[in-house]
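Take a look at the letters that make up each chain.
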Amino acid sequence: MDVRAQNVFRKVCIFQIILIVLSMGAVGLLAPGPMIGDEVAHFYLLDAIATHLPGLTLTYYIPASWCPSALEHYCNHTFLWHLAGALIYRIVPHVFAVQVYQLLFFLQFLTVFYLFARDLTRRDYYIVSWALLLMWSIPMFLLFGVLFYKDVPVAAQIITVFYLIYRRKYIPSLIFWVVALLVKETAVIMLPALLFYYIWRLRRERIRMYAMVSSCFWLAAGTFIIEGVILMRVLPNTTPLIIEQLQSTFPWLGGGTVVKSSPMTVEGGNCPGNLNVLYNWLIYPGLGFWLGLGMALWGVGIRFCRRRRRRSLWGRTVLSSYGVIALLIALSYIIPATLLLWPDNCDIRYYCPAMPFLIFSFVYWSRGLLHRFKFIFPVVAVVLLVQTGMVFSKIVKMRRLSPEVCEAITFLSEQKHGIPAARIFMYPEGNSRFFPYEAIWTRDNLYFDIMNAENRRRAEIWREHQVAFVVVRKYMESDIAPESPYFGTYPVHFVEDLRNDPRRFPLLLENAQIIVFGICPDDEAEK
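Basis of the calculations
Residues numbered from 1 in each chain as written. Predicted model: local features only at pLDDT ≥ 70, side-chain atom pairs only at ≥ 80, totals over all residues. Heavy atoms only, no water. Patch = residues over 30% accessible without salt bridge, like charges linked within 9 Å, V, L, I, M, F, W, Y side chains within 5 Å. Areas by Shrake-Rupley, 256 points an atom, 1.4 Å probe, with all protein chains shown as cover. Salt bridge = Lys/Arg side-chain N within 4 Å of Asp/Glu carboxyl O. Helix = DSSP H or I, 4+ residues; strand = E, 2+ residues; numbered from the N terminus. Buried < 20%, exposed > 50% of the residue type's maximum accessible area, 1.4 Å probe, protein only. Core = buried A, V, L, I, M, F, W, Y, C linked by side-chain atoms within 4.5 Å. Contact = heavy atoms within 4.5 Å. Axes fitted to C-alpha atoms, helices over the stretch in contact; angles between N-to-C directions. Parallel < 35°, antiparallel > 145°, perpendicular 65-115°, else oblique. Left-handed = near helix turned anticlockwise from the far one by under 90°. Nonpolar A, V, L, I, M, F, W, Y, C, P; charged D, E, K, R; others polar. Pairing = 2+ DSSP bridges. Lys, Arg positive; Asp, Glu negative; His and termini not counted. Polar contact = N/O pair within 3.5 Å; in protein donor to acceptor, adjacent residues only side chain to side chain. Phe/Tyr/Trp six-rings, centres within 6.5 Å; stacked < 30°, edge-to-face > 60°. Lys NZ or Arg CZ within 6 Å of the ring centre and 35° of its normal.

A. View of a nonpolar patch on the surface. Taken together, the side chains of Leu-278, Tyr-279, Trp-281, Leu-282, Ile-283, Leu-287, Trp-290, Leu-291, Trp-342, Phe-375, Val-379 and Val-383 define a hydrophobic patch exposed on the protein surface, amounting to about 1200 Å² of accessible area. Broken down by secondary-structure element, the contributors of at least two residues to the nonpolar patch are helix H12 (280-283), helix H13 (286-307) and helix H17 (376-398). Mapped onto the fold, Val-379 is located in helix H17. Look at Val-379 and you get partly exposed, because its relative accessible area is 49%.

B. The arrangement of the nonpolar core in detail. By size, the foremost hydrophobic cluster in this structure holds 112 residues, and its most contacted members are Trp-130, Phe-141, Phe-162, Tyr-198 and Ile-359. If we ignore the near neighbours within four places in the chain, the residues touching Ile-359 are Phe-113, Ala-131, Leu-134, Met-135, Ile-138 and Phe-289. With 41 residues, the next largest nonpolar core counts Ile-409, Phe-411, Tyr-447 and Val-470 among its residues.

C. Representation of the packing of helix H1 (residues 3-29) against H17 within the structure. In contact at an axis separation of 10 Å, H1 and H17 are set at 25 degrees when each is read in the N-to-C sense. The orientation of H1 relative to H17 falls into the category roughly parallel. Between H1 and H17 lies a crossing of right-handed hand. Contacts between H1 and H17 involve Ile-20, Ser-23, Met-24 and Val-27 from the first element and Thr-388, Phe-392, Ile-395 and Val-396 from the second. For the contact of H1 with H17, a count of residues per class yields 6 nonpolar, 2 polar and no charged.

D. Looking closely at the pairing of strand S8 (residues 507-510). Sheet topology note: the S8/strand S9 (residues 514-518) ladder contains 3 bridges and is antiparallel. In the strand pairing of S9, Glu-510 is matched with Ile-515. Between S8 and S9, which pair antiparallel one after the other, the connecting turn spans 3 residues.

E. Summary view of the side chain of Arg-433. Mapped onto the fold, Arg-433 is located in the loop between strand S3 (423-425) and strand S4 (438-440). Of the side chains with opposite charge, Glu-39 lies nearest to the buried Arg-433, which makes no salt bridge, at 7.7 Å. Here Pro-34 takes part through its backbone oxygen, which lies 3.1 Å from a polar atom of the side chain of Arg-433. The residues contacting Arg-433, other than those within four sequence positions of it, are Pro-34, Val-40, Tyr-44, Ile-62, Pro-63, Ala-64 and Ser-65.

F. View of the packing of aromatic side chains. Per the stated rule, a full pass over the model turns up 38 aromatic pairs. Aromatic ring contacts, followed pair by pair, group Phe-109, Phe-113, Phe-116, Phe-141, Phe-162, Tyr-163, Tyr-166, Tyr-197, Phe-357 and Phe-360 into a single cluster. Its end group placed over the ring of Trp-200, Arg-203 keeps NZ or CZ at 4.1 Å from the ring centre. Over the ring of Phe-148 we find Arg-399, and its NZ or CZ is 5.0 Å from the ring centre.

G. How the structure looks around the side chain of Arg-349. With respect to the helices and strands, the residue Arg-349 is situated in the loop between helix H15 (321-341) and helix H16 (355-372). Engagement of the side chain of Arg-349 in a polar contact is seen with the side chain of Tyr-350, the distance being 3.3 Å. Setting aside its immediate chain neighbours within four residues, Arg-349 contacts Asp-38, Met-140, Phe-144, Tyr-149, Asp-151 and Lys-184.

H. Region of interest: unusual backbone geometry. For the bond running from Leu-53 to Pro-54, omega is 5 degrees, close enough to zero to count as cis. Considering the arrangement of structural elements, one finds Pro-54 in the loop between helix H2 (39-52) and strand S1 (59-64). A positive phi angle is found at Arg-122, which is not glycine, with a value near 55 degrees. Position of Arg-122 relative to the elements: it lies in the loop between helix H4 (95-120) and helix H5 (125-136). The phi angle at Gln-466 is positive, at roughly 60 degrees, despite the residue not being glycine. Among the secondary structure elements, Gln-466 is positioned in the loop between helix H20 (455-464) and strand S5 (467-473).

What follows is the structure, given as structure tokens:
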């Protein structure tokens, strides 16, 4: 491709970055505030820290319509994202400031990805533009780049670390490594890949290699020790999350016992991108990822056929340049992450740090195809733009109370005058704070006791916990109900059991998203 065409595609790369970041900003600012899952907790912790500056607090309060004084929670994991955001929020106390702050991490991620791809491809901007297209169109990056989750911020730091190592800027790479660990504990899963890359880049400089590898390891250990000390001074009776996770995986670290913290409120968690649900494998990586994989396999097949008769495929063609190195980096993160997270907490967002390296490998092996078949780029670009529009539309809807949810809230509010103290059995998502009753789920193992009981016993357990209504979120109905507090789901058989027992559980309301069952008093149910 001539110089003029390359200049055009260099501008296309910059245009892609600007367009997607501005679009995500618009989508984020259309919402009145955090609404989805853990982003609610992250925002209110940030707000609490901003209020207490220059001091530090890790206790925060989430306001709820059923509780005049907000619900008390605590944080026992890394808090740099919250602390840095709190500094901005203290200056500009509006949720849009936090939204812009979150988008800056996505901008950092895409900018470094662009620079990395540019250097790896030796400034072949046509291929860089293709790599960018595959990267920013991944739905999970679009979703968690807007929402107040820490997965994209930590991925931004990790790709920056690897890019700085590639440019042989080793001391700055260590600084960003510490930042990554302070943003989210899961960055430590990248430690084997990082050590591997230091060794690869410094394999001809033994002394320097040993110094960087040891520095990387001990900085990780020191970072967690210092942060743990700070956390335990702020919350004396709390075990840092990284310690809990390590002891869960390696019980011998705690002398054979697992140390659990004593939270002020205990609820289960739902993994929105849980890989136990098969369609999440398609939805969250998106079409671009799977098309990129398909083209990479196609490209490897063509190389194999062409080179097989002339020289060794594995020595000269496939196992060469950045394609295989990028793949090895991705796998050295994916494999330990899977071993640690599967099956209880296997949310696809935890794999964000590995995704750019997978894209690099896809691009390397499909490079020849893209230059040969020029029509692929515009066709795929149109398809992925449509997909991106659909993802943005979904984010806007998810961050607002739907008419169906509002109908359920209004209905339950109208019942409140007759039931002075009651709770609802409902998965406690971000919008549960708008319901007029406290939503409980796994408190005192309630979820597991309910799912393993028959209807008579379910009614008794709910009455013991002052539960007056069961609220079913239809999109969370599933045939899969693993024994894990991380998966929050309504088993289909559970919903059918309630439907088939109107004497104990009368159907009070049903719309496209919500089902509300009542729970009859003991004497009425047994008539």
